[in-house]
Amino acid sequence: TASWRPKGNSSPPKHKHNTLPGLNEKNCGSLFELLLHLTNTSLSLSKPQRIKKKRSSKAYQAEGPYGEMLWPLEIYGKLLSIFQSNHHFFPRRLVFIVIKNCLLLVRLSDYQVRQCVQWRNSQHSQIGTGKDLSSVEFLQPLVDGV
């Protein structure tokens, strides 16, 4: 991700294989802002998922029912990494937009943690049936992401 660069006057010479051919210095800020908004929207719409034990996949067992909330945080981390390493290619106004979106992400994460705890408390107990796939221990990555 650190090698991502929009094409334009301030970028290095064009390579033969441009991954994003329509991206340039005029529209990269708008595209980046859109990605931040879409990621926040995805987090706001996500919710815990209960899957029957017989159908549970390895990914579900690793992430638990809260995976739908963890994926937007992972994407957000990558977007912030791109911004951090390439901020000089973006318009200055984007700094304020990134900060504002990060504050929204923190609020959404707080809301989601509360929703997950409420959801978990409404689930039937799994005591004595092996690993509890809806255990709140799966919330730790969400809390760490905040």
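What counts, and where the lines are drawn
- The numbers attached to residues start from 1 for each chain and follow its sequence in the written order.
- The model is predicted, so local features are restricted to residues of pLDDT at least 70 and side-chain atom pairs to those at 80 or more, both for listing and for counting; the totals for chains, interfaces and linings are taken over all residues.
- Each side-chain value is derived from all of the structure's non-hydrogen atoms; neither hydrogens nor water enter the calculation.
- Only DSSP runs of H or I reaching four residues or more are called helices, and only runs of E reaching two or more are called strands; each is numbered from the N terminus.
- By the convention used here, residues are in contact when the closest approach between their heavy atoms is within 4.5 Å.
- Salt bridges are counted wherever a side-chain nitrogen of Lys or Arg sits within 4 Å of a carboxyl oxygen of Asp or Glu.
- Relative accessible area decides the class of each residue, using a 1.4 Å probe on protein chains only: under 20% of the type maximum gives buried, over 50% gives exposed, and in between gives partly exposed.

Student: I would appreciate a short explanation of the environment of Pro 72 in the present structure.
Tutor: Along the polypeptide, Pro 72 turns up in helix 3 (residues 67-86). On a C-alpha basis, the gap between Pro 72 and Thr 41 in space is 9.0 Å, while along the polypeptide they are 31 residues apart. In this view, Pro 72 contacts Thr 39, Ser 42 and Leu 43; residues no more than four positions away in its chain are not counted.

Student: What's the story with the pattern of salt bridges in this structure? I'm lost.
Tutor: It is possible for side chains of opposite charge to pair when their charged atoms get near one another. A full pass over the atoms with the stated rule returns three salt bridges. Measuring nitrogen to oxygen at the nearest pair gives 3.6 Å for the salt bridge that ties Glu 74 to Lys 78. Taken together, the positions of Glu 74 and Lys 78, both in helix 3 and four residues apart, correspond to about one turn of that helix. When the shortest N-O distance is used, the salt bridge between Arg 114 and Asp 110 registers 3.2 Å. In this pair, Arg 114 and Asp 110 both sit in helix 4 (residues 93-121), four residues apart, roughly one turn of the helix. A residue is classified by how much of its surface remains accessible, and Asp 110, at 39% relative accessible area, is partly exposed.

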